[in-house]
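Listed here are the chains, written in short residue letters.
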Number of protein chains: 2
Amino acid sequence: MDLKQVAKDTAKVLSSYLTYQAVRIILAQLVETDPPRAYWLSNFSGKDRIQDGEAYLQALLKEKPDMAFRVMTVRQHLAEEVTSFLPEIVQASIQQANIEYRREHLERITQLNISDPIPRPEQQADEPNLDNLDR
Amino acid sequence: MDLKQVAKDTAKVLSSYLTYQAVRIILAQLVETDPPRAYWLSNFSGKDRIQDGEAYLQALLKEKPDMAFRVMTVRQHLAEEVTSFLPEIVQASIQQANIEYRREHLERITQLNISDPIPRPEQQADEPNLDNLDR
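Analysis parameters
Residues numbered from 1 in each chain as written. Chains lettered and ligands numbered in written order. Predicted model: local features only at pLDDT ≥ 70, side-chain atom pairs only at ≥ 80, totals over all residues. Heavy atoms only, no water. Helix = DSSP H or I, 4+ residues; strand = E, 2+ residues; numbered from the N terminus. Contact = heavy atoms within 4.5 Å. Polar contact = N/O pair within 3.5 Å; in protein donor to acceptor, adjacent residues only side chain to side chain. Axes fitted to C-alpha atoms, helices over the stretch in contact; angles between N-to-C directions. Parallel < 35°, antiparallel > 145°, perpendicular 65-115°, else oblique. Nonpolar A, V, L, I, M, F, W, Y, C, P; charged D, E, K, R; others polar. Least-squares fit on C-alpha atoms with pLDDT ≥ 70 in both.

## Details of the environment of B:Ala79
Phase 1 of the analysis: Mapped onto the elements of the fold, B:Ala79 is located in helix α5 (residues 65-82).
Phase 2 of the analysis: Spatially, the C-alpha atom of B:Ala79 lies 10.0 Å from that of B:Ala22, the residues being 57 residues apart in sequence.

## As for the environment of A:Tyr101
Phase 1 of the analysis: Of note, A:Tyr101 is situated in helix α6 (residues 86-112).
Phase 2 of the analysis: With 68 residues separating them in the primary sequence, A:Tyr101 and A:Thr33 have C-alpha atoms 46 Å apart.
Phase 3 of the analysis: Those residues in contact with A:Tyr101 that sit more than four places away from it in its chain are B:Glu54, B:Leu57, B:Gln58, B:Leu61, B:Met72 and B:Arg75.
Phase 4 of the analysis: Polar contacts involving the side chain of A:Tyr101 include one to the side chain of B:Glu54, which spans 2.5 Å.

## Section: the packing of helix α1 (residues 3-33) of chain B against helix α4 (residues 53-63) of chain B
Residue and element names in this part refer to chain B.
Phase 1 of the analysis: Interaxial distance between α1 and α4 falls to 8 Å at its minimum, and their mutual angle equals 45 degrees. Here α4 runs oblique to α1, going by the angle between their axes. Across the interface between the two elements, Ser15, Ser16, Thr19 and Val23 from α1 touch Gly53, Glu54, Tyr56 and Leu57 from α4.
Phase 2 of the analysis: Residue classes in the contact of α1 with α4 are distributed as 3 nonpolar, 4 polar and 1 charged.

## Some remarks on the relation of the copies chain B and chain A
Phase 1 of the analysis: With an RMSD of 0.0 Å, the operation that places chain B on chain A is a rotation of 180 degrees combined with a shift of 0.0 Å along the axis. Both chain copies can therefore be described as sitting about a two-fold axis. When C-alpha positions in chain B are compared against the rotation axis, the closest is assigned to B:Leu14, at 3.6 Å.
Phase 2 of the analysis: A share of 100% of interface residues in chain B that are also interface residues in chain A marks the association as one of identical surfaces.

Now the structure itself:
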């Protein structure tokens, strides 16, 4: 398990995603203030193009530098404001989802066992927190 | 700019991506230890399916619970080991890329100005770190 490579790849995905979010924010602003530019940016930012945030920005920089600078500024702001919260949110949400899936799976197993003539209490012995499943 | 919503959406993308990375790691292990299961998991984990990590896990849990538990364990490990480094890497890489794009853009502008009869040194006045562009 090459954790360094995973961290590097994940950071790249995250950068691209924040670039996409920056474009979304700017689009929402332009729709209010300058609809023709919003229309142009929306057309320019097709789904295929924005998948790779860096390639997207380099292309935009050649077409409309001022717009590219705006995206760069907003994504840097997002990186500064948002990323520090991510480790906690992601760890908590993965932990929570995992607990939930284990619970659902145990429920499915125990429901199947209702028609089972032999009671098998040892199946729940590994999960002391799920006592209420015995009811 | 709804930073809370951006953080929430970004965390979701990140969770999904770590689920995908967990599947990749397990696939690499299974190719060595249990090729038929590697083949099965690879077929199950099509591109469309793995886009949403939570939907993917719920489907896998119904088909092969032991495999789903393995993915859940690995992604939690990744979340614990990798996410804490992300804020620093992402902020640094976005900052670095932004500097690079500004530099490239200035280079393009100044190259265009070679044919310009009037020297315009004030164009570089905002970028004190880019002195070597004057050469």
